[in-house]
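Secondary and tertiary structure notes
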Amino acid sequence: MNSHDVDYQILGNDIQVLEVELDPNETVIAEAGAMVYMEEAIAFETKMGDGSEPDQGLMGKLFSAGTRLVTGESLFMTHFTHRGSHGKSKVAFSAPYPGTIIPLDLGTLPQGLVVQKDGFLAAARGTRISIHFNQKLGAGLFGGEGFILQKLTGDGKAFIHAGGTVIEKRLNSELLRVDTGCVVAFEPGIDFSIARAGGLKSMIFGGEGLMLATLRGTGRVWLQSMPVKKLIQALAPAGGNAQKESGGILGNLMGAFDQ
């Protein structure tokens, strides 16, 4: 089905809110629990699936919803519809942690967009949200993030969320190495794999993690400066300080061996 043509504006700076404006009978879908406020004419309904295939049978809906469980998302999505007979009405959403909302026109992405499993926020009804498995086994064994992803396809607007500041990169048969948690989304023309982060000393004591994501090819890539795992670490200062102190002691020991 064709996606509904919704209007929107993004409010705020560091902790943003997405406000979607609907005409009568227009619908926007969102992750459960993302709604901040809605006007009187808006009605909502929790459903299995994204509603992109309205004639889909029960087994199809169960399969579609089941794939969301694999990505760690809720089994259900919430559909917000303008049930009034005239005028426009608004509904607003926010992400579960501070960051930036990225608006995307899927009509300009004929192959769709691959998104990290917790990156989707909302989209016009008609957008298809499916599971995307990374073919690189190492991404699942070592990368943590990056093996099970979501793919968004359609011809309407979709909104994804990133932690901190968003950086959009355009690769032209180039290679980019990134912290595995900092990849938000990429076009399907990009090859995503996991590579070892330097030598043994760098992996253990460098503080950058054991593995790095490697993005190679031609297309756009969206990165985030503050993935949720780093935010959690920052909010646990005692553990972070202990880890830094431990790293400092071990680093001094390694330095002694180098002399």
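Our structure's up above, just so we're on the same page.
These numbers come from a predicted model, not from an experiment.

The biggest cluster of nonpolar side chains holds 18 residues, and the ones touching the most others in it are Leu113, Phe120, Leu152, Ile160, Ala185 and Trp222. Residue assignment for this core shows that the elements contributing at least two residues are β8 (99-105), β9 (113-115), β10 (120-124), β13 (157-163) and β15 (183-186). Among the elements that take part in this core, β13 stands out by supplying 3 residues, more than any other. Residues in contact with Leu152, not counting those within four places in the same chain, are Leu106, Gly112, Leu113, Val115, Phe120, Arg128, Ile129, Ala158 and Ile160.

Further remarks concern the pattern of salt bridges. Per the stated rule, a full pass over the model turns up 8 salt bridges. A salt bridge links Lys90 to Glu19; the nearest nitrogen and oxygen atoms lie 3.8 Å apart. In this pair, Lys90 is assigned in strand β7 (residues 89-94) and Glu19 in strand β2 (residues 17-22), connecting sequence segments 71 residues apart. Each of Glu168, Arg170, Glu187 and Arg220 takes part in one network of salt bridges that share partners.

A few words now on the sheet that holds strand β3 (residues 27-31). Judged by pairing direction, the sheet is antiparallel, and its 6 strands sit side by side in the order β5-β6-β3-β10-β13-β8 without closing on themselves. In this open sheet, the two strands that pair with only one neighbour each are β5 (42-48) and β8. Averaged over all adjacent pairs, the angle separating strand axes in this sheet is 20°, with direction ignored. Pairing of β3 with strand β6 (residues 76-82), which is carried by 5 bridges, proceeds in the antiparallel orientation. Its bridge partner lying in β6, Thr27 is registered against Thr81.

What follows covers the pairing of strand β17 (residues 211-224). The buried fraction of β17 amounts to 12 of the 14 residues, a majority that puts the element mostly inside the structure. One ladder, built from 12 bridges, connects strand β14 (residues 166-179) with β17; its direction is antiparallel. Paired with Leu176 across the strands is Leu215, a residue of β17. Strand direction decides the pairing type here: β15 and β17, joined by 3 bridges, are antiparallel. Paired with Ala185 across the bridge in β17 is Trp222.

What counts as what
Residue indices follow the written sequence of each chain, beginning from 1 at its first position. With pLDDT at 70 or above as the cut-off, local features in this predicted model cover only qualifying residues; side-chain atom pairs require 80 or more to be listed or tallied, and sums for whole chains, interfaces and linings still use all residues. Calculation of side-chain values draws on the structure's entire complement of heavy atoms; hydrogens and water are dropped beforehand. Buried Ala, Val, Leu, Ile, Met, Phe, Trp, Tyr and Cys residues form a nonpolar core when they are joined through side-chain atoms within 4.5 Å. Relative accessible area decides the class of each residue, using a 1.4 Å probe on protein chains only: under 20% of the type maximum gives buried, over 50% gives exposed, and in between gives partly exposed. Only DSSP runs of H or I with at least four residues qualify as helices, and only runs of E with at least two residues qualify as strands; both kinds are numbered from the N terminus onward. Any pair of residues with heavy atoms lying within 4.5 Å of one another is described as a contacting pair. Salt bridges are defined as contacts in which a side-chain nitrogen from Lys or Arg sits within 4 Å of a carboxyl oxygen from Asp or Glu. The pairing criterion for strands is at least two bridges between them, as found by DSSP. Geometry is summarised by axes, namely lines fitted to C-alpha atoms with helices restricted to the contacting stretch, and by angles between N-to-C directions that run from 0 to 180 degrees.

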